[in-house]
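# Coordinate analysis (summary)
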Amino acid sequence: MEKWKKILADAVCDPTELAEYFHLPPEDLHKVNAVFPCRIPRTMLKKIQSPGDPIFRQCVPDPAELTDSSELMNDPLGEIRFKKSEAIVQKYPDRCLFLVSGECAMYCRFCTRKRKFRQPFIITQQDIDEGLDYIANHKELRDVLISGGDPLLLDDDQIEYILQGICQNDHIKIIRIGSRAPAVLPERVTPKLIKVLKKYHPLYMNIHFNHPAELDGTVCKALRRLADAGIVLGSQTVLLKGVNDDPEVMRQLMWKLLENRVRPYYIFQCDLIYGTSHFRTPLQTGIEIVKALRGWSSGMANAHFVIDLPGGGGKVPIAPDYLIERCGKYRKYRNYCNEEYLYCDIDPA
Ligand SMILES: *Cc1c(COP(=O)(O)O)cnc(C)c1O
Ligand code: SF4
């Protein structure tokens, strides 16, 4: 068995074991686990320095998950509404999601797909083939985003089958993979996987990272392998209370990503999903983070801060407002250090 499969098979899913490990009341963990199960690779467990730290909060069940308010929905992103076939979600004109795996290496406590932890959805060969048919028949698509679950939890030959199937279409110009495996199960990035991936350029990969402590030596090595194979790496980060709701933590994360050849892409406002309200931050927190990055750090370290709108409205960027006032053709702006400057526009044609 490959090493990553052993690590996965050996992941901690038993609340009793977790309670003993952290000296927590087992009843609490059992109660949460009955609704939202846990799964933590031991390699991740070892990265936790003390209960309540940023990695702990992301993966250890919290009784707060069961005391949630009613505004939170089960399908906040309207993915059911935009489902085109079992494995395809299309809500934008030129790109779609292809959900190829229901499994994840670690169950993130804030996950949008949390409702599926108890019964991870099963993607069958027929679902994959129907998805490939959809892609073949929709010539308006230029970009397929392979997601899940985590697509990298599939076997190498399944991944190859999917990539090859997508690549057959002349109208598909780029392929993207969204994964958290390089961060939580870096052993998955084997030379054999790399050999498969590098055949399907232009290939982009967006990797989910939330805290600088996630980037240890093994993770950085996996990133180097991916980047060396010519895969363009981006990051996605979820803004989480008690994990990264702090401009200094975010700045460190963005810099560490850049140093490892990952270009920050999105920072997401935490979705309105049942069982995650203890992670939510006011929009102002994200705006302050964006303000603290813009100008103070390289433009490359600036991810787009977005809300994935409830009801399936898609992603909208949330940006600080730098405009102070307008007067005729003149605009008065403040810059990153709060100084005021005048700009003269021209009349619209
Ligand atoms: C996020 C998302 C995409 C990709 O959006 P980009 O802004 O191009 O990264 C595509 N489809 C769906 C349904 C999405 O949620
Ligand atoms: S890796 Fe992504 S999809 Fe999987 S549990 Fe974590 S947040 Fe959810």
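All values reported here derive from a predicted model rather than from experimental measurement.

As a further point, take the pattern of salt bridges. Pairs can form between side chains of opposite charge whenever their charged atoms are close. On inspection of all chains with the given rule, the structure shows 20 salt bridges. The salt bridge involving Asp10 is made with Arg42; its shortest N-O contact spans 3.0 Å. Of this pair, Asp10 sits in the loop between α1 (3-9) and α2 (15-22) while Arg42 sits in helix α4 (residues 42-45), placing them 32 residues apart in sequence. Residue classification places Asp10 among the partly exposed residues on the basis of a relative accessible area of 41%. Of the charged contacts in the structure, one is a salt bridge between Asp216 and Lys47, with a shortest N-O distance of 3.5 Å. Placement of Asp216 in the loop between β6 (203-208) and α10 (217-228) and of Lys47 in the loop between α4 and α5 (54-59) is noted, with a sequence separation of 169 residues between them.

What follows concerns the sheet that holds strand β3 (residues 95-101). With mixed pairing, ten strands are arranged side by side in an open sheet as β1-β2-β3-β4-β5-β6-β7-β8-β9-β10. The outermost strands of the open sheet, each flanked by one partner alone, are β1 (83-85) and β10 (314-317). Pairing analysis gives five bridges linking β6 to strand β7 (residues 232-239), with the strands arranged parallel. The residue bridging Met205 from the neighbouring strand is Leu233, located in β7. The sheet contacts of helix α7 (residues 156-167) involve β3, β4 (143-148), β5 (174-179) and β6, and relative to β4 the element is tilted by about 160 degrees.

Take Asn206: it is sitting in strand β6. Discounting residues that sit within four places of it in the chain, Asn206 has contacts with Arg176, Ile177, Gly178, Ser179, Gly234, Ser235, Gln236 and Tyr265.

A separate point is the sheet that holds strand β11 (residues 323-327). Strand order in the open sheet formed by three strands is β11-β12-β13, and the pairing between neighbours is antiparallel. Two strands bound the open sheet, and with one partner strand each, they are β11 and β13 (340-344). Pairwise comparison of adjacent strand axes, ignoring direction, gives a mean angle of 20 degrees for this sheet. Sheet topology places strand β12 (residues 330-334) next to β13; five bridges connect them, and they run antiparallel. If you follow Tyr333 over to β13, its bridge partner there is Tyr341.

The environment of ligand 2 is made up of Cys104, Met106, Cys108, Cys111, Phe117, Arg180 and His208. The residue inventory of the shell around ligand 2, partitioned by class, reads five nonpolar, one polar and one charged.

Next up on the list: the packing of helix α11 (residues 247-259) against helix α12 (residues 283-293). One way to put it is that α11 packs onto α12 with a least axis distance of 9 Å and a crossing angle of 55 degrees. The orientation of α11 relative to α12 falls into the category oblique. Along this stretch, α11 crosses α12, giving a crossing that reads as right-handed. Residues Pro247, Met250, Arg251 and Met254 of α11 form the contact with α12, whose participating residues are Ile289, Ala292 and Leu293. Its residues placed into classes, the contact of α11 with α12 shows six nonpolar, no polar and one charged.

Reading the values: rules and limits
Residues numbered from 1 in each chain as written. Chains lettered and ligands numbered in written order. Predicted model: local features only at pLDDT ≥ 70, side-chain atom pairs only at ≥ 80, totals over all residues. Heavy atoms only, no water. Salt bridge = Lys/Arg side-chain N within 4 Å of Asp/Glu carboxyl O. Helix = DSSP H or I, 4+ residues; strand = E, 2+ residues; numbered from the N terminus. Buried < 20%, exposed > 50% of the residue type's maximum accessible area, 1.4 Å probe, protein only. Pairing = 2+ DSSP bridges. Contact = heavy atoms within 4.5 Å. Axes fitted to C-alpha atoms, helices over the stretch in contact; angles between N-to-C directions. Near = heavy atom within 4 Å. Nonpolar A, V, L, I, M, F, W, Y, C, P; charged D, E, K, R; others polar. Parallel < 35°, antiparallel > 145°, perpendicular 65-115°, else oblique. Left-handed = near helix turned anticlockwise from the far one by under 90°.

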